[in-house]
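Fold and contact review
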Amino acid sequence: MPDTIRTERLLLRRWHDSDRLPFQAMNADPRVMEFMPSLLHAVESDALVDRAQAHFDRHGFGPFAVELLEDETFAGFIGLSIPAFEAPFMPAVEVGWRLASDCWGRGLATEGARAVVRYGFEELGLDSLVSFTVPKNLRSRRVMEKIGMTHDPRDDFDHPLLSEGHPLCRHVLYRLTH
Ligand SMILES: CC(C)(COP(=O)(O)OP(=O)(O)OC[C@H]1O[C@@H](n2cnc3c(N)ncnc32)[C@H](O)[C@@H]1OP(=O)(O)O)[C@@H](O)C(=O)NCCC(=O)NCCS
C-alpha cells in the first residue's frame, strides 16, 4: 500500500517528528479550532499525531500529514480514519481534514481530499466513505460537496462524545459511494 500521495501542490505522507510543533500551533489557533470543543494543548496535539501514526500501523491507512510541495512546509492533515465511537452510520471510514489557516482558500483541502477519496476507493477497495461536522462549519461542508459527497438530513446525529445540549453536539453526515 503506498504511504504517500502526490497531487499538483501537495505531498500527503506519514508523519514526521518535525510536524509536531507546527501541528501544535494549528491546534492552538482559534480560527482552526472554531468548530471543535476546545483548543488543544501541546500534549493533546502530540497525542493526535501518535493516534494518526498508530492508525496507519494498525489499518494500513490513516490521516496523512500534508506538506506543501512549493516550500516543503507542514500544512495539516487530510486522510482517512475509522471513527473511535459508536454511531448509527458505523461501521464506516471517515475522510477528514484540518489545515493551517494561512493555507485556506486556495482549494488545497479539496485537492487533497479528492486524491484521498480516489486512494480509498481504488487502492484500499472501500465501497463508501462518510464525513461529518457541525452544521455551521460551512467551509468543511463545502469541501464535502465539492468532492461529490451528499447530505441526507435523516443521517444527522448527536456526537456521542459530547454531552446532550452541548452547542457542538449536533452533526451533519455526508456520504460518498464508489
Ligand atoms: C475546512 C478546511 C480544511 C478547508 O480548507 P481550504 O483549503 O480552505 O478548502 P478549499 O479551498 O478546498 O474549499 C473551501 C470552500 O469553502 C468556501 N468557503 C470559505 N469560507 C466559507 C464560508 N464562510 N461560508 C461558506 N463557504 C465558505 C470556499 O469559497 C471554498 O468553496 P469554493 O471553492 O466553492 O469557493 C479549512 O477551513 C480548515 O482546516 N478548517 C478548520 C478545521 C476543520 O474545520 N476541519 C473540518 C472538521 S470536520
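1. Comments concerning the nonpolar core
- Core analysis: the largest hydrophobic core is formed by 45 residues, its most contacted members being W15, I78, L80, W97 and V116.
- At eight residues, helix α3 (residues 108-123) tops the list of elements feeding residues into this core.
- Non-local contacts of I78, meaning those with residues more than four positions away in its chain, are made with L10, P63, F64, V66, G96, W97, L99, L108, A109, G112, A113 and V116.
- Within the second largest apolar cluster, nine residues are counted, among which are A87, M90, V130 and F157.

2. Digging into the site of the ligand
- L99, G105, T110, R142 and K146 are the nearest of the 21 residues found near the ligand.
- Taking L99, its main chain carries an N or O atom lying 2.8 Å from an oxygen atom of the ligand.
- Compared with its free state, where it exposes 970 Å², the ligand has 73% of that area covered by protein.
- For the shell around the ligand, the secondary-structure elements that each account for two or more residues are β5 (94-99), α3, β6 (128-133) and α4 (138-146).
- When residues in the shell around the ligand are grouped by element, the largest group, six residues, is from α4.

3. Comments concerning the environment of R118
- Topologically, R118 is positioned in helix α3.
- In the structure, R118 is positioned 17 residues away from P135 in sequence and 26 Å away in space, judged by C-alpha atoms.

How each quantity is defined
Residues numbered from 1 in each chain as written. Predicted model: local features only at pLDDT ≥ 70, side-chain atom pairs only at ≥ 80, totals over all residues. Heavy atoms only, no water. Core = buried A, V, L, I, M, F, W, Y, C linked by side-chain atoms within 4.5 Å. Buried < 20%, exposed > 50% of the residue type's maximum accessible area, 1.4 Å probe, protein only. Helix = DSSP H or I, 4+ residues; strand = E, 2+ residues; numbered from the N terminus. Contact = heavy atoms within 4.5 Å. Near = heavy atom within 4 Å. Polar contact = N/O pair within 3.5 Å; in protein donor to acceptor, adjacent residues only side chain to side chain. Areas by Shrake-Rupley, 256 points an atom, 1.4 Å probe, with all protein chains shown as cover.

Nothing here speaks to function; it is all geometry.
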